[in-house]
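Descriptive structure summary
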Amino acid sequence: MKTENDPSLNPQTNIIPGFRAILHGGDYSPEQWLHAPQVLEQDRRLRRLAGCNAFSVGIFSWSHLEPREGVFEFGWLDRVMDDLAEDGCKAILATPSAARPPWMARKYPEVMRTGRDRRREEFNSRHNFCWSSPVFREKVREINERLALRYKDHPALGLWHISNELGGNAGLGECFCDLCLGRWRQWLEQRYQTVDALNEAWWAGFWSHRFTCWEEINPGDSTLDACALDWSRFVNFQMREWIEFEASTVRPHTPDVPVTTNFMGVNPWIDYAELARAVDVVADDQYPALFAAKPNLEDSLLATAFKHDLQRNYLPGRPFFLMESCPETPQWHHPQALKHEHLHRAEMLQAIGHGAEGTCYFQWRKGRGGIERLHGAVVDHEGSERTRTFGIVKRLSGTYDALKPVLGSRRRAEVAVLYDHDSRRAHELGSGLQGGGYQYLLEAQEHYRIYWRHGISVDVLDSRRDWETRRVVIAPMLYLLHEGVAGRIRRHVENGGIFVATTLTACTDATLRCLQHGWPGDGLREVFGLWDEEADHLPEGTTLGILSADGGSRIGAAYSVASVVHAEGAEVLAQFEEGTGIPCGHPAILRRRVGKGVVFYAAGRLDRSALGWLHKEVMDEAGIAGPFLDELPPGVVFSIRADGQQEFWFLANIAQETCHLRPRGQFEADRLAGEGDWGQVISVPARSDSVWRVKRSGGGPCCARA
Ligand code: GAL
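Residues numbered from 1 in each chain as written. Predicted model: local features only at pLDDT ≥ 70, side-chain atom pairs only at ≥ 80, totals over all residues. Heavy atoms only, no water.

1. A word on the sheet that holds strand β3 (residues 90–94)
- Strand order in the open sheet made by the eight strands is β1-β2-β3-β4-β5-β6-β7-β8, with parallel pairing throughout. One side of each edge strand has no neighbouring strand; the edge strands of this open sheet are β1 (25–28) and β8 (356–359). Averaged over neighbouring strand pairs, the angle between their axes works out to 25° when direction is ignored.
- In this structure, strand β6 (residues 281–285) lies alongside strand β7 (residues 320–324), joined through three bridges in parallel fashion. In the strand pairing of β7, D284 is matched with L322. (Pairing = 2+ DSSP bridges. Helix = DSSP H or I, 4+ residues; strand = E, 2+ residues; numbered from the N terminus. Axes fitted to C-alpha atoms, helices over the stretch in contact; angles between N-to-C directions.)

The following block contains the structure:
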């Protein structure tokens, strides 16, 4: 059976069909400069000089496109599109819904959002339109169709950019107007069919919440946390439906132009795995702020790698797009430190190495006024190519030219980490975990880190997606269990898979009702051969030592959570030391062989040393090893893409010393870009990067199996 991970099912296309280049450019706001044609001319000269090829236009242009109701002015955009085409560039053409013009809010106040206090907002800011307003929909439909009809055959049109950062900058995307609340009730009815079924799913007997009709359900009442969870799912549904609506206004006119919208990283509120189903290309806005003064660059790089491996898998087999990043520092970031060239390159090449085929910027040119006038940009107020940043961008374009052979290759992983937005929300709403959903994310990243530091590719996947084809599946603190997932875990291990779980896994169903008869629930207690009775939440700074069960040597410690786990068939690999309330000698790490596979279980959050120990066991069991004989030294960023014949190894070294890596096996390698040597060891000089085309000596593609 073909699965989502099967390359033949998702033939890789370029982000913009037929445009075989790594996209490099930025958000471009020519409408702010229509009074100064010489600036627009200068932009043309500079973008050619910078080697940039893709520009997002029209994002916040509505008041220029329709300055008064029903009066449309496309002439300026015609010129911009023509110039882009003449310069060999592609336009990522935005629909302008992210910021409606003031006249619209004045004439039709209903286009603005309504707050929790049921008060309608006045005209301000952006992103804050009502999802349900019929007038707004009609206005958006009209302007989008006009854009689509006007530019459908234009050679510059490459990609549709739907709105901007839906759900960002304006609360959580919530609107409490009567229309939105009406849709909320309809959504509930569709999901639960009857009020009684909802009462049961939400455990509404609590505090006398049994509802008798849909109208009684107030989304602002968080007493039933299932209500809060469903409300955020509903807001997510509104966003997805909005993307689908906007896409339906342009797709019929431009069936070959892909549709995208820009996401906002690993977001605490938005379930992007869901939204991604409405787009053709996953695009993200990334501001990890890699500047030298930042205390922990390694953690920023880790978080970014994790995010790429998550987002890439929203639409498996297709390249993703870093729509917004910054060649300098954003004005909202403090301190406003310089972004050094090697850091910028490491950040951009990391994205490409993880499967992106474009990295663009907010913004191409700094505007003179408004709150973003000091935001980093390719072109400064100084206006020429003489700036440090311009040079950085120009040189990166040169590197991207050299990386064309990489286009169409993809990442392959034998290891998956499961990360569910719903579990994140569940931890946020209350699982006992100090720090809530963010700590859940950090825990997933800590497990991921072990493989990342070995240079082993990992897919980060939602538990509802296809993950069974991965040899090793790691599900840290998967608190909320969707229907069917427990059965899939059981079958995965019975069929030879390796599954790693931790405490706080399989504790509730999808509406936060606790699973009964002992955790991990839904039959996993029997599969894992253990019972996780209760958790001890350790105060900050406290740890609980862990000893290996065979020789009693200390392998590390637990922090934040350690649980009382009873082995019920599982073998104990490591135990807790004397320390907190947990009786000494209680299991800390367990293993159970099930069918042809193996389950590992961590009875707490393990520090890096204990995690390293656990995952060494996992890797040995799976026969998986990284492409180097050693772990990557701190400051080295590494990733692999591959096609049928060859691999592409991306290396960046942001440390102060040259690093030397010993590859596992014999390879033939030629350098596509950057600096460094490949002999017995690979040397990457300090503050540099390199991309290699790699073949295993003696033919055949490289592999990561030991
Ligand atoms: C993004 C947004 C851009 C710009 C940028 C500034 O979130 O999409 O329009 O505001 O932030 O960092």
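So much for the structure itself; the text now carries on.
2. A look at the site of the ligand
- With respect to spatial proximity, the complete set of residues near the ligand consists of F60, R126, N164, E165, D285, Y287, E324, W332, F362, E372 and H375.
- At a separation of 2.8 Å, an oxygen atom of the ligand approaches a polar side-chain atom of E324.
- One of the side-chain nitrogen or oxygen atoms of E372 is found 2.3 Å away from an oxygen atom of the ligand.
- Look at the ligand: alone it shows 310 Å² of surface, and the protein chains cover 93% of it. (Near = heavy atom within 4 Å. Polar contact = N/O pair within 3.5 Å; in protein donor to acceptor, adjacent residues only side chain to side chain. Areas by Shrake-Rupley, 256 points an atom, 1.4 Å probe, with all protein chains shown as cover.)

3. Thoughts on the packing of aromatic side chains
- The tally for this structure, following the rule as stated, stands at 38 aromatic pairs.
- Residues W184 and W202 carry aromatic rings whose centres are separated by 6.4 Å and whose planes lie at 25° to one another, so their mutual orientation is stacked. Separated by 18 residues along the polypeptide, W184 in helix α6 (residues 178–192) and W202 in the loop between α7 (195–201) and α8 (225–250) bring together distant segments of the chain. There is no split in this pair, since W184 and W202 are both buried.
- Three or more aromatic residues link up through ring pairs in this structure, and these residues are F176, W184, W187, Y192, W202, F211, W231, F234 and F237.
- Positioned over the ring face of F55 is R47, at 5.5 Å from the centre of the ring.
- Taking the ring centre of F72 as reference, the NZ or CZ of R146 above it sits at 3.9 Å. (Phe/Tyr/Trp six-rings, centres within 6.5 Å; stacked < 30°, edge-to-face > 60°. Buried < 20%, exposed > 50% of the residue type's maximum accessible area, 1.4 Å probe, protein only. Lys NZ or Arg CZ within 6 Å of the ring centre and 35° of its normal.)

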